[in-house]
Amino acid sequence: MLQLQTDLEGKKAYFGDLKSRIQSLGYSIGGNWDYHKGSFDNVLHRDGGETIYLRLPFEVLEGDLDHHEAYIRFQTPYVIKHVVNMGLDTDQNSLLTSTGFDQFQDPVDKDGHIENKNRWAHAGEQAVQQVVQYLN
């Protein structure tokens, strides 16, 4: 995991407004959200079973995350690499796994080693800056 030093940390926004604005940049709500915290995730790079994500974590200050009007504050953004098994999962018996990719499987490595850290830190910082522009 690469923590990024950006202007995003501490910025506040209304969840629904920001979500609709940054979807065009490729962001989606991260899968580990709950009513009081979450993240916006964006794919920086994908190659086979390896994906490098930019994650923009936030906490909910007012309301609940399942409401458009929830008021959020961003925490420190970071870059993370997930590695998933692209082969067959012999423990599962489904059509998804027989195709060689199960979108619901856990990553083999949730925090994989990131090579060329400067490249991904720079790419993450540039992507965060685009989001910051929507907040100003």
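See the structure shown above.
In what follows, the accompanying structure is described. (Residues numbered from 1 in each chain as written. Predicted model: local features only at pLDDT ≥ 70, side-chain atom pairs only at ≥ 80, totals over all residues. Heavy atoms only, no water.)

## Examining the overall build of the protein
When helices and strands are tallied, the protein shows three helices and seven strands. Ordered by position in the sequence, the α and β elements of the protein form the string β-β-α-β-β-β-β-β-α-α. Intrachain contacts of the protein at a sequence separation of at least 6 include 63% that bridge at least 24 residues. Here the protein has roughly 8300 Å² of accessible surface; of this, 43% comes from carbon and sulfur atoms. (Helix = DSSP H or I, 4+ residues; strand = E, 2+ residues; numbered from the N terminus. Contact = heavy atoms within 4.5 Å. Areas by Shrake-Rupley, 256 points an atom, 1.4 Å probe, with all protein chains shown as cover.)

## A short note on the packing of aromatic side chains
Under the counting rule described, the total for this entry stands at seven aromatic pairs. Between phenylalanine 15 and phenylalanine 58 the ring centres are 6.1 Å apart and the planes differ by 45°, which places this aromatic pair in the tilted class. With a gap of 43 residues between them, phenylalanine 15 in helix α1 (residues 15-22) and phenylalanine 58 in strand β5 (residues 50-62) connect regions that are remote in the sequence. Phenylalanine 58 sits in the buried class, given a relative accessible area of 0%. Taking 6.0 Å as the distance between ring centres and 75° as the angle between the ring planes, the aromatic pair formed by phenylalanine 58 and phenylalanine 74 counts as edge-to-face. Here phenylalanine 74 lies in strand β6 (residues 71-74) and phenylalanine 58 lies in strand β5, a separation of 16 residues in the sequence. Phenylalanine 74 gets classed as buried once you look at its relative accessible area, which sits at 2%. Pairwise contacts between aromatic rings join Phe15, Phe40, Phe58 and Phe74 into one cluster. (Phe/Tyr/Trp six-rings, centres within 6.5 Å; stacked < 30°, edge-to-face > 60°. Buried < 20%, exposed > 50% of the residue type's maximum accessible area, 1.4 Å probe, protein only.)

## Examining helix α3 (residues 117-135)
Under the 1.5 Å per step criterion, the end-to-end length of α3 is 27 Å for 19 residues, consistent within 8% with the ideal 27 Å. Listing the buried residues of α3 in full gives Trp120, Ala121, Gly124, Ala127, Val128, Val131 and Val132. Here the buried residues of α3 occupy an arc of 155° about the axis, which is enough to place them on one side. Away from its buried face, by an angle of more than 90 degrees, α3 presents the exposed residues Asn118 and Gln133. In this structure, the buried residues of α3 make contact with β1 (2-3), α1, β4 (37-47), β5 and β7 (78-83). (Expected span 1.5 Å × (residues − 1). Arc of directions from axis to C-beta.)

## A word on the pairing of β5
Strand direction decides the pairing type here: β4 and β5, joined by ten bridges, are antiparallel. Within the sheet, the bridge partner assigned to lysine 37 lies in β5 and is glutamate 59. Once β4 ends, the chain turns through two residues before running back antiparallel as β5, passing glycine 48 with a positive phi of about 60°. Of the pairings in the sheet, the one linking β5 to β7 comprises six bridges and is antiparallel in character. For isoleucine 52, the partnering residue across the bridge sits in β7 and is lysine 81. One ladder, built from four bridges, connects β5 with β6; its direction is antiparallel. Of the residues in β6, the one forming a bridge with glutamate 59 is arginine 73. (Pairing = 2+ DSSP bridges.)

## Some remarks on α1
When we look at burial in α1, the residues that qualify are Phe15, Gly16, Leu18 and Ile22. One face of α1 carries all of its buried residues, which in axial projection span an arc of 165°. On its buried side, α1 packs onto β2 (12-14), β3 (28-29), β4, β5, β6 and α3.

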